[in-house]
Amino acid sequence: MPSTRDIRRRIKSVKNTRQITKAMELVAASKMKKAQQLAVAGHPYAALLCDMLAALSHRVDFVQHPFFASRPVKTRGILLITTDKGLCGPLNSNLLRIVSEIKEPAKYVCIGRKGTQFLGRTKRAIVADFAVSDKTPFAEIRPAAEFLIKLFLEGEVDTVEVLFSYYRNTLVQVPLLLPLLPLVNLEASIERVRQQKGAGAASVKHDDREMIFEPDPATVFEALLPLFLNREIYQCVLDSKASEHSARMVAMKTAKDNATKLLDSLTLEYNKARQAGITAEILEISASQMAQ
């Protein structure tokens, strides 16, 4: 049986761990709330953008836009969004497991140090990595989105896909590989976005209202497509941030609860050891008195 001094040391260490994990849980909960608000705040804009694209798509007969150019896939372009720090449960490992299963040639653009470190260790092609703060302004996401789209337009990659943690709720974050380019089926993409934002698919149907577009519907339609893609990539980053803070809060709460259980067990063990020591001392005193 360990001595009472050793048990006291362990109790002190577990108390410090519980205090740290509790503080980290509170910080993650605060950041999670802000990240959730940011992720939800852009839903009306995304829904309106989808309405505009849906209305224009029925008024444009043919658009010669490079986003619709489908070609044989020789090299995939993947934006990998992970966290900068750990202590967030299996969030990163679920994403990196999907990366490990990708056997086709691919070029990666990274957001988050964990993904960059993994791709470097596994000798995969990293063409760029970008840093994003917890505030997640669009100005920090835009260079990554434009860089990846530029690779597609220049023919260096044949697809644009985003691998990120889709935020479903506080307890559930789903790793998702989302294809963005080429836009094989624009209406399906618009419907998917609207369903993810909690809106129905009714407004994706044909809009019979009379509208005047300047200079013409095709030009406006082509101008809205990059906005749609940038918004999609930005929403993926927002979902990843909300997933990160939610997963970290749950992980730290679990660690705090485990520390509390361990502390109760160590306290009981300490009391037993202390009682055993007192009983042994009493027996020694009694034996010495009887020997006299």
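Just above, that's the structure.
The shown structure was predicted, so the numbers you read here are calculated from the model rather than taken from an experiment.

Caption draft 1: View of the overall build of the protein. Within the protein, the secondary structure is distributed over seven helices and five strands. Starting at the N terminus and walking to the C terminus, you meet the elements of the protein as α-α-β-α-β-α-β-α-β-β-α-α. A compact globule built from 292 residues would reach a C-alpha radius of gyration of about 19 Å, whereas the protein, at 28 Å, exceeds it by more than 25%. On the principal axes, the C-alpha backbone points of the protein span a range of 115 × 45 × 25 Å. Classification of the 292 residues of the protein by burial places 40% in the buried group. Intrachain contacts of the protein at a sequence separation of at least 6 include 75% that bridge at least 24 residues. Carbon and sulfur atoms make up 57% of the accessible area of the protein, which totals about 16,300 Å². Each charge class in the protein can be summarised by its mean position, and for the 41 positive and 31 negative side chains these summaries are 12 Å apart.

Caption draft 2: Here's a closer look at unusual backbone geometry. Put simply, leucine 181 and proline 182 share a cis peptide bond, and its omega is 0°. One non-glycine residue, leucine 87, adopts positive backbone phi at about 60°. Residue placement: leucine 87 occurs in the loop between strand S1 (76-81) and helix H3 (91-101).

Caption draft 3: Spatial organisation of helix H5 (residues 138-153). With 16 residues, H5 extends 22 Å between its outermost C-alpha atoms, agreeing within 8% with the 22 Å of an ideal straight helix rising 1.5 Å per residue. Of the positions making up H5, those classed as buried are Ile141, Ala144, Ala145, Leu148, Ile149, Leu151 and Phe152. The arc that holds the buried residues of H5, viewed along the axis, is 155°, so those residues lie on one side. A positive backbone phi angle near 85° is found at glycine 155, which sits one or two residues after H5.

Caption draft 4: Spatial organisation of the pairing of strand S2 (residues 106-111). Here S2 lies mainly inside the structure; five of its six residues are buried. Two elements, S1 and S2, share six bridges in a ladder whose sense is parallel. The residue of S2 that forms the bridge with leucine 80 is cysteine 110. Crossover S1 to S2 through H3 is right-handed. In this structure, S2 lies alongside strand S3 (residues 125-130), joined through five bridges in parallel fashion. When the sheet's bridge partners are listed, cysteine 110 is paired in S3 with aspartate 129. With helix H4 (residues 113-121) bridging S2 and the parallel S3, this β-α-β connection has right-handed handedness.

Caption draft 5: Seen up close, the nonpolar core. Leu79, Ile81, Val162 and Leu181 are the most contacted members of the largest nonpolar core, which totals 45 residues. Contributions of two or more residues to this core are made by helix H2 (43-57), S1, S2, H5, strand S4 (159-167), strand S5 (173-181), helix H6 (186-196) and helix H7 (217-291). It is H7 that contributes the most residues to this core, ten residues altogether. Listed in part, the twelve residues of the second largest apolar core include Ile78, Leu95, Val99 and Phe118.

Caption draft 6: Local environment of the pairing of S5. Relative to S5, S4 is paired through eight bridges, and the arrangement is antiparallel. By the bridge assignment, valine 160 is partnered in S5 with leucine 181. Here S4 hands over to S5 after five residues, the two strands then running antiparallel side by side.

Caption draft 7: Molecular detail of the packing of aromatic side chains. Scanning all chains against the criterion turns up three aromatic pairs. With a centroid separation of 5.3 Å and 80° between ring planes, the pair formed by phenylalanine 138 and tyrosine 234 is classed as edge-to-face. Placement of phenylalanine 138 in helix H5 and of tyrosine 234 in helix H7 is noted, with a sequence separation of 96 residues between them. Taking the relative accessible area as the measure of exposure, phenylalanine 138 reaches 33% and is therefore partly exposed. Sitting above the plane of the phenylalanine 152 ring, arginine 71 keeps its charged end 4.4 Å from the centroid.

Caption draft 8: Structural context of the sheet that holds S1. On the basis of which strands lie adjacent, the open sheet formed by five strands has the order S3-S2-S1-S4-S5 and mixed pairing. In this open sheet, the two strands that pair with only one neighbour each are S3 and S5. Between one strand and the next, the sheet's axes are offset by a mean angle of 20°, whatever the strand orientation. Sheet topology note: the S1/S4 ladder contains five bridges and is parallel. The partner of leucine 80 across the bridge, within S4, is leucine 163. On top of the sheet, H3 reaches S1, S2, S4 and S5; it is set at about 155° to S4, its chief contact.

Rules used throughout
Residues numbered from 1 in each chain as written. Predicted model: local features only at pLDDT ≥ 70, side-chain atom pairs only at ≥ 80, totals over all residues. Heavy atoms only, no water. Helix = DSSP H or I, 4+ residues; strand = E, 2+ residues; numbered from the N terminus. Rg over C-alpha atoms; globule rule 2.2 N^0.38 Å. Buried < 20%, exposed > 50% of the residue type's maximum accessible area, 1.4 Å probe, protein only. Contact = heavy atoms within 4.5 Å. Areas by Shrake-Rupley, 256 points an atom, 1.4 Å probe, with all protein chains shown as cover. Lys, Arg positive; Asp, Glu negative; His and termini not counted. Charge placed at Lys NZ, Arg CZ, Asp CG, Glu CD. Expected span 1.5 Å × (residues − 1). Arc of directions from axis to C-beta. Pairing = 2+ DSSP bridges. Right-handed = clockwise from strand over helix to strand, strands pointing away. Core = buried A, V, L, I, M, F, W, Y, C linked by side-chain atoms within 4.5 Å. Phe/Tyr/Trp six-rings, centres within 6.5 Å; stacked < 30°, edge-to-face > 60°. Lys NZ or Arg CZ within 6 Å of the ring centre and 35° of its normal. Axes fitted to C-alpha atoms, helices over the stretch in contact; angles between N-to-C directions.

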